[in-house]
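Architecture and fold: a report
Residues per chain are reported as follows:
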Amino acid sequence: MTRRKLVAGNWKMTGSLAANRALAAEVLERLPGHLPCDVVICPPPVHVAAVAEVLQGQAQLLLGAQDVAAEADGAYTGDVSGAMLRELGVRYCIVGHSERRQHQHESNLAVAQKTQRALDAGLTPIVCLGETAQQRDAGWTDWVLGHQLDAVARALGQRLAEVVLAYEPVWAIGTGQTASPAQAQQVHAALREQMAQRGVAAERVRIVYGGSMNPANAADLLAQPDIDGGLVGGAARVADDFVDIVEAAGRSAMPGAGAMGKLE
Ligand code: PEP
C-alpha cells in the first residue's frame, strides 16, 4: 500500500510576524508544483491568521498548528480550539510535541484528549511520540512508545487510523544528532506493528520521522519503507533547506526511486 508522504515544518516560537509572512511566501515560491506529497507549515499560533492570508488561493502548501486545546470551547484562558484553527484554514495540528510534554508537562492523557479534539474539529493530528536518550540506552524505546500510543489508542479506538504519527526521539530534536535510517526504520516498523496489534489498519497510517532532519540526511531517511515523511524543526526555517527536504520526499515517493530515494 502506498502512503502519501508528508513533510511538515515546525517553526516553534520563532520569527517576527513580518519574517514569518516572508518565510511562508518564500517557501511557496520555491515549492515545485505537482509533488506527490503533502507539505505543511506550522507557524506560531499568533501568526497563523497572517500566514493563512499568504497561503490563500492555493492548495500546494498547507497550514498547520503547533498545538490545540484539550477542550472544545469555554473558559480555558490562553487556549485555542480546534474549531478556531479550522476556521482559519488550518488542516494539520501537531499534538504532544516533546517540548510541550517537557515544558508544559503535557501528560499522555492530555495528548490523547487533544488528538481527539483535533479530529473532531476536522484537523489531522500529527501525534508526536519519542524516547529520551536515557530510555533508549536502557532499552525501553518500544515500551515508552507503546505507553504513549496506548493513551491515544484508548481514546480513539479505530479512529487511530486517521492520525499521523511522528516518531521524534527526544535526543535528536534540535541537537544535530539524527537517528540513523536503520534506527528510525526499526522504530517505525515496530510502531506499525504495535498499531496492527491494536486492530488498526496500520498499513494506512503515516508515520513520519522528526529529529534534526536536514537536506543532507533526508533522502536516506525518507527512502526507508516505513518512514512516510518528516517533521522538521530547524531546517524548516530556511526555505531552501525545507524545499530540498520536500523534494527528497517527492523523489522517494516516485515510482522508480532507487534504494536511496533518488532518481538518477
Ligand atoms: C521538531 O521540532 O519537531 C524537530 C524535529 O526539530 P529539529 O528538526 O530542529 O530537530
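Below is a short write-up of the structure. (Residues numbered from 1 in each chain as written. Predicted model: local features only at pLDDT ≥ 70, side-chain atom pairs only at ≥ 80, totals over all residues. Heavy atoms only, no water.)

1. So, the overall build of the protein chain
Applicable threshold: Only DSSP runs of H or I reaching four residues or more are called helices, and only runs of E reaching two or more are called strands; each is numbered from the N terminus. Radius of gyration here is computed from C-alpha atoms only, and the compact-globule reference equals 2.2 Å multiplied by the residue count raised to the power 0.38. Accessible area is worked out with a 1.4 Å probe on protein chains only. A residue is then buried under 20% of its type maximum, exposed over 50%, and partly exposed in between. The contact rule is simple, with two residues in contact once any of their heavy atoms fall within 4.5 Å.
Helix and strand counts for the protein chain stand at ten helices and eight strands. Against the globule reference of 18 Å for 264 residues, the protein chain gives a C-alpha radius of gyration of 17 Å, in line with a compact fold. Once the C-alpha set of the protein chain is aligned to its principal axes, its extents read approximately 50 × 45 × 30 Å. Residues counted as buried form 51% of the 264 residues belonging to the protein chain. Looking at the protein chain alone, contacts between residues at least 24 apart form 72% of all its contacts between residues at least 6 apart.

2. With respect to helix H1 (residues 17-30)
Quick reminder of the rule: A helix is expected to reach a length of 1.5 Å times the quantity of its residues less one. Think of the arc as the fan of directions from the helix axis to the C-beta atoms.
When the terminal C-alpha atoms of H1 are compared, their 20 Å separation across 14 residues agrees well with the 20 Å that a helix rising 1.5 Å per residue should span. Those residues of H1 not exposed but buried are Asn 20, Leu 23, Ala 24, Val 27 and Leu 28. In an axial view of H1, the angular spread of the buried residues amounts to 130°, which keeps them on one side of the axis. Of the exposed residues in H1, those oriented more than 90 degrees away from the buried face are Ala 18 and Glu 29. For H1, the secondary structure elements touched by its buried residues are strand E2 (37-42), helix H2 (48-55), strand E3 (61-65) and helix H10 (239-253).

3. Comments concerning the sheet that holds strand E1 (residues 5-10)
Rules: For two strands to pair, DSSP has to find at least two bridges joining them. Angular values range over 0 to 180 degrees, each being the angle between N-to-C directions of two axes fitted as lines to C-alpha atoms, with helices fitted over their stretch in contact.
Read around the barrel, eight strands follow the order E1-E2-E3-E4-E5-E6-E7-E8 and close on themselves; strand pairing throughout is parallel. Here the average twist between neighbouring strands, direction ignored, is 30°. Bridge analysis of strand E4 (residues 90-95) against strand E5 (residues 124-129) gives four bridges, and the strand direction is parallel. In the strand pairing of E5, Cys 93 is matched with Pro 125. Docked against the sheet, H2 engages E2, E3 and E4, running at close to 170° with respect to E3.

4. A closer look at the nonpolar core
Stated formally: Put simply, a nonpolar core is a bunch of buried Ala, Val, Leu, Ile, Met, Phe, Trp, Tyr and Cys residues held in one set by side-chain atoms that sit within 4.5 Å of each other.
If you look at the biggest cluster of nonpolar residues, it comprises 69 residues, and the most contacted ones within it are Leu 160, Leu 165, Met 195, Tyr 209 and Phe 242. What Met 195 contacts, discounting residues up to four positions off in sequence, is Leu 149, Leu 160, Leu 165, Val 200, Ala 202, Val 205 and Ile 207. By size, the runner-up hydrophobic cluster in this structure holds 13 residues, among which are Cys 42, Cys 128, Ala 166 and Leu 231.

5. Points about the site of the ligand
The condition that has to hold: Any residue with at least one heavy atom within 4 Å of a molecule or strand is counted as near it. We define a polar contact as two N or O atoms separated by no more than 3.5 Å, with the added condition that, inside protein, one atom must be a possible hydrogen donor and the other a possible acceptor, whereas residues neighbouring each other in sequence contribute only through side-chain atom pairs. What sets the accessible areas is the Shrake-Rupley method with a 1.4 Å probe; for residues, cover comes only from the shown protein chains. When residue character is reported, Ala, Val, Leu, Ile, Met, Phe, Trp, Tyr, Cys and Pro are called nonpolar, Asp, Glu, Lys and Arg charged, and the others, Gly included, polar.
As a matter of local geometry, the ligand sits amid 14 residues, with Lys 12, Glu 168, Gly 174, Ser 212 and Gly 233 nearest to it. Measuring from an oxygen atom of the ligand, one finds a backbone N or O atom of Ser 212 at 2.7 Å. Residue Gly 234 places a main-chain N or O atom 2.8 Å away from an oxygen atom belonging to the ligand. Burial of the ligand by the protein amounts to 96% of the accessible area it has alone, namely 290 Å². The class makeup of the residues in the shell around the ligand is four nonpolar, eight polar and two charged.

6. Focus: the packing of aromatic side chains
In plain terms, the rule: Any two rings among Phe, Tyr and Trp, with Trp reduced to its six-membered ring, count as a pair given centres within 6.5 Å; such a pair is stacked if its planes are under 30 degrees apart, edge-to-face if over 60, and tilted if neither. Two conditions define a charge located above a ring, namely a distance within 6 Å from the ring centre to NZ of Lys or CZ of Arg, and an angle within 35 degrees of the ring normal.
Overall, the coordinates contain one aromatic pair when judged by the stated rule. The cationic tip of Arg 237 hangs over the ring face of Trp 11; the distance from NZ or CZ to the ring centre is 5.6 Å.

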